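Structural description and commentary
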Amino acid sequence: MRAYQVTQFDIPAAFAEQDKPEPDVGETRVKIACCGLNFADLLMQKGQYQDTPATPFTLGMEIAGTIDAQGAGDSGLKIGTRVAVFGGQGGLAEYGCYNARTVLPIPDAMSMAEAAAFQIAYGTSHLALGYRAHLKAGETLLVLGAAGGVGLTAVEIGKLMGATVIAVARGADKLEVARKAGADHLIEANAEDLRDQLKALGGVDVVYDPVGGDLFKAAFRACNPEARILTIGFASGEVPKIPANHLLVKNIDVLGFYWGGYLKFKPEVVTDSLRTLFDWYEQGKLQPHVSHVLPFEQVAEGMEFLRTRKTTGKVVIEIAAE
């Protein structure tokens, strides 16, 4: 089978031929139809991600496909079942073997591309806003990078949870995407008076920040007393320094959040969340936004779209047609 591998951190990833994996006890093999790309894939290529595997490894954190083989043990799912899996790596390949407990059936109406784009983006926002920040109806939620893969889902879920949502993104087109996802207020990311605009809207109670850098600083200064700041990532490349004395004065909480980490110490939190999100999808409450679906041969182009921030929502690589 073909796989898109990192063999050294100082050279680009490339296609390689591998043997088709065989499922071990408690594992399920999936014929992969689609793989969602994430900013973490870019970091992994450079060895800069917190969970970067040892080389050589295959990129691709989240997939959708069809069960085609089972190891010993009953997973409760049949051969041919359409499923989604977060594996952390190995998704940019034609087949993958996964712990059967992490393999979830997907709704009949959900396309493979939607399913491959769904888990990390929606799972991150759902757990971050509900489980970590305890966002309440009537509070004001600020979403930075609001048209990106995770940011757009934070707008959508924040609105579902009853918050007033302020979306910050770069450019009119991206702000329009955030508006369609439910944002109540739109602010250009390049605005020099971002803090003043946020204060004029009454300040913010919860900050969802996958960007870091200067946007974090402005958001921090616009926080209301007892605000919660979720640090999701640092797409700007700058990890902000936090003035602890200001935390004290306003009783502000800064909450680190890494969705994949829960699979190691509280996996049931992730799987329960995803089941809720799939139910919401079936009820028509969620509308995944996939901006690009590219064939396997164009995976490098998909990575470049992420690096240059030329996308809204998610980029998905089609490994095999449905």
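This report concerns the structure included in the present document.

Each value, and the rule that gives it
- Residues numbered from 1 in each chain as written.
- Predicted model: local features only at pLDDT ≥ 70, side-chain atom pairs only at ≥ 80, totals over all residues.
- Heavy atoms only, no water.
- Salt bridge = Lys/Arg side-chain N within 4 Å of Asp/Glu carboxyl O.
- Helix = DSSP H or I, 4+ residues; strand = E, 2+ residues; numbered from the N terminus.
- Buried < 20%, exposed > 50% of the residue type's maximum accessible area, 1.4 Å probe, protein only.
- Pairing = 2+ DSSP bridges.
- Axes fitted to C-alpha atoms, helices over the stretch in contact; angles between N-to-C directions.
- Expected span 1.5 Å × (residues − 1).
- Contact = heavy atoms within 4.5 Å.
- Phe/Tyr/Trp six-rings, centres within 6.5 Å; stacked < 30°, edge-to-face > 60°.
- Lys NZ or Arg CZ within 6 Å of the ring centre and 35° of its normal.
- Right-handed = clockwise from strand over helix to strand, strands pointing away.

**Focus on the pattern of salt bridges**
Across all of its chains, the model carries 14 salt bridges by this definition. The salt bridge partner of Asp68 is Arg29, with a shortest N-O separation of 2.9 Å. Here Asp68 is found in strand E5 (residues 62-70), whereas its partner Arg29 is found in strand E3 (residues 27-36), with 39 residues between them in sequence. The class of Asp68 is partly exposed, set by a relative accessible area of 26%. Put simply, Arg2, Glu94 and Glu297 are held in one network by salt bridges that share partners.

**Brief notes about the sheet that holds strand E9 (residues 140-144)**
Pairing is parallel in the open sheet, where six strands are placed in the order E11-E10-E9-E12-E13-E14. In this open sheet, the two edge strands, each paired with only one partner strand, are strand E11 (185-188) and strand E14 (253-256). Taken over all neighbouring pairs, the strand axes of this sheet differ in orientation by 20° on average, direction set aside. With four bridges connecting them, strand E10 (residues 164-169) and E11 associate as parallel partners.

**Focus: helix H9 (residues 267-282)**
Between its first and last C-alpha, H9 extends 23 Å over 16 residues, near the 22 Å set by a 1.5 Å rise per residue. Within H9 the residues assigned to the buried category are Val269, Val270, Thr271, Ser273, Leu274, Leu277, Phe278, Trp280 and Tyr281. Among the structural elements, strand E6 (82-86), strand E8 (104-105), helix H2 (112-132), helix H3 (149-160) and helix H8 (262-265) are those in contact with the buried residues of H9. Once H9 ends, the next one or two residues include Gly284, with phi positive near 80°.

**Considering the packing of aromatic side chains**
Under the counting rule described, the total for this entry stands at 12 aromatic pairs. For the ring pair Phe257 and Tyr262, a centre distance of 5.8 Å and an interplane angle of 35° mean the geometry is tilted. The pair Phe257 / Tyr262 is uniform in exposure class, with both members buried. Grouping aromatic residues by their ring pairs yields a cluster made of Phe118, Tyr122, Phe278 and Tyr281. Note that Arg2 overlies the ring of Phe15, its terminal NZ or CZ placed 5.2 Å from the centroid. The ring of Tyr95 is capped by Lys20, whose NZ or CZ atom sits 4.4 Å from the centre of that ring.

**Thoughts on the pairing of E10**
The element E10 is largely enclosed, with a buried count of five among its six residues. Where E9 and E10 come together, five bridges link them in parallel fashion. Across the sheet, residue Thr140 finds its bridge partner in E10, namely Thr164. Read as a crossover between parallel neighbours, the route from E9 over H3 to E10 is right-handed. In this fold, the crossover linking E10 to E11 by way of helix H4 (residues 172-180) has right-handed handedness.

**Side note on the sheet that holds strand E1 (residues 2-6)**
Read across the sheet, three strands follow the order E2-E1-E4 without closing on themselves; strand pairing throughout is antiparallel. Sheet topology places strand E2 (14-17) and strand E4 (57-58) at the edges, where each strand pairs with a single neighbour. Bridge analysis of E1 against E4 gives two bridges, and the strand direction is antiparallel. Looking at the pairing, Gln5 lines up with Thr58 of E4.

Take it as geometry only, folks, not as evidence of what the structure does.
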